[in-house]
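An overview of the molecular structure
Read off the chains here:
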Amino acid sequence: MMRIGLVGCGNIGADICIALQRGGIPAEIAALVDLDPERAALVKRSFQLAAEIVSLDEAAERADFLIECAGSAAAPVVAEKAIETGTDCLIMSVGGLMAHPEILEKAAAANVQVRIPSGALCGLDGIRAAMEAGLHQVTLTTRKPPKGLTGAPYLVEQGIDVLALTEPTVVFEGNALEAVKAFPANVNVAAALSLAGIGPKATRVRVIADPRATENSHEVTAEGAFGRLQTTTVNLPSPRNAKSSYLASLSAVAELRAAAEAFASRKRAAQ
Ligand SMILES: NC(=O)c1ccc[n+]([C@@H]2O[C@H](COP(=O)([O-])OP(=O)(O)OC[C@H]3O[C@@H](n4cnc5c(N)ncnc54)[C@H](O)[C@@H]3O)[C@@H](O)[C@H]2O)c1
């Protein structure tokens, strides 16, 4: 069994525990980390885990695989710890890596795998494939009900009250680097898209607050030597967090399954 250090015991953390409880993934939670020990204790109790509630340092010692599902500030810290201890990891708050492009290079040099999930977006396989011949335009348009955007730093700074909108309104246009700063809790997909494609400065992002929308949707358009691509992903909110898409949790589980299966096959080969 691959031992997991779970950093962040919120909605995605709970969805990971639910998937592990269902069985079929050769992994178990060995350590829980959270800024709020009550959240970690709740997860430990709810899923009757034998895991200890520990610091990140201790989790990295106990685990074969670290999962960050805590927030953009935690992402570079967890990735650095993974590199330092030679532990593969999954980073859900991909936006948190945008300001630290050196981390992925350091991980590759240290032979540590940093898994980046597709999150609430489909089509990254096509973007990666198209990059083999080059892309000259990639745009993400994110459309959300206003309540899914409230509190974003950019809206607060600009004094934009999305709850007062009566028509679909473009509230942000910029590149992916600017987008992850403006909407740190909302646009991890922009970060994942830019890492798969032409990078954070060249990837364009539009955010639409749509009072008529009941679901979060992401449209990607791209053009390159291969032709043109357009994908739309319509996401239902997570059953436990209206600000997060269920597909994001499912992408974490899919990455975890792949990591655990690769770990098991490495173990078998070493025997
Ligand atoms: N890649 C994607 O598409 C995608 C989609 C949704 C969310 N996310 C990312 O995943 C993160 C987790 O999502 P969630 O819905 O589970 O959030 P959540 O708020 O339900 O849970 C986050 C948990 O992490 C804890 N935490 C926060 N900062 C921490 C830190 N520095 N160290 C340890 N624990 C910390 C909080 O106390 C909380 O218990 C989000 O912050 C977001 O950045 C990514």
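Residues numbered from 1 in each chain as written. Predicted model: local features only at pLDDT ≥ 70, side-chain atom pairs only at ≥ 80, totals over all residues.

Describing the nonpolar core
Cut-off, in case you're wondering: Only buried residues count toward a nonpolar core: Ala, Val, Leu, Ile, Met, Phe, Trp, Tyr and Cys, linked into one set through C-beta atoms within 7 Å. Three exposure classes are used, all based on how many other C-beta atoms lie within 10 Å of a residue's own C-beta (placed from the backbone): buried at 20 or more, exposed at 12 or fewer, and partly exposed between those limits. Each helix corresponds to a stretch of at least 4 residues labelled H or I by DSSP, and each strand to a stretch of at least 2 residues labelled E; elements are numbered beginning at the N terminus. For every domain, the bounds stem from an assignment made automatically or drawn from a database. Whether two residues are in contact depends on their C-beta atoms, placed from the backbone: they are in contact if these lie within 7 Å.
I67 and L193 are the most contacted members of the largest nonpolar core, which has 85 residues in total. Tallying contributions element by element places helix α9 (residues 188–196) first for this core, with seven residues. Each of domain 1 (2–116 + 247–270) and domain 2 (124–235) gives at least three residues to this core. When near neighbours in sequence (up to four residues on either side) are disregarded, I67 contacts I4, L6, V7, I16, C89, L90 and L256.

A few points about the domain arrangement of the protein chain
The parts lose accessible area when they come together, and the size of an interface is often stated as this lost area. Rule in force here: Classification convention: Asp, Glu, Lys, Arg as charged; Ala, Val, Leu, Ile, Met, Phe, Trp, Tyr, Cys, Pro as nonpolar; all other residues, Gly among them, as polar.
Domains assigned within the protein chain are domain 1 (2–116 + 247–270) and domain 2 (124–235). The C-alpha centroid of domain 2 is placed 26 Å from the C-alpha centroid of domain 1. The residue inventory of the side of domain 1 that touches domain 2, partitioned by class, reads five nonpolar, three polar and no charged.

Side note on the site of the ligand
Selection rule: Here, nearness means that the C-beta atom of a residue, built from backbone geometry, sits within 6 Å of the molecule or strand in question.
In the vicinity of the ligand lie 31 residues, with G8, G10, S93, G119 and A248 positioned nearest. Elements that contribute at least two residues to the shell around the ligand include exactly α1 (11–22), α9 and β13 (241–245). In the shell around the ligand, the residues fall into 17 nonpolar, 11 polar and three charged. Counting only domains with at least three residues in the shell around the ligand, you end up with domain 1 (2–116 + 247–270) and domain 2 (124–235).

Focus on the sheet that holds strand β1 (residues 2–7)
Threshold: Strands are labelled as partners when DSSP assigns at least two bridges between them.
Taking strand neighbours across the sheet as the criterion, the six strands line up as β3-β2-β1-β4-β5-β6 in an open arrangement whose pairing is parallel. What marks the edges here is a single partner per strand, and that holds for β3 (52–53) and β6 (114–115). Summarising the sheet, strand β5 (residues 88–91) and β6 pair through two bridges and their orientation is parallel. Bridging across to β6, L90 finds its partner in R115.

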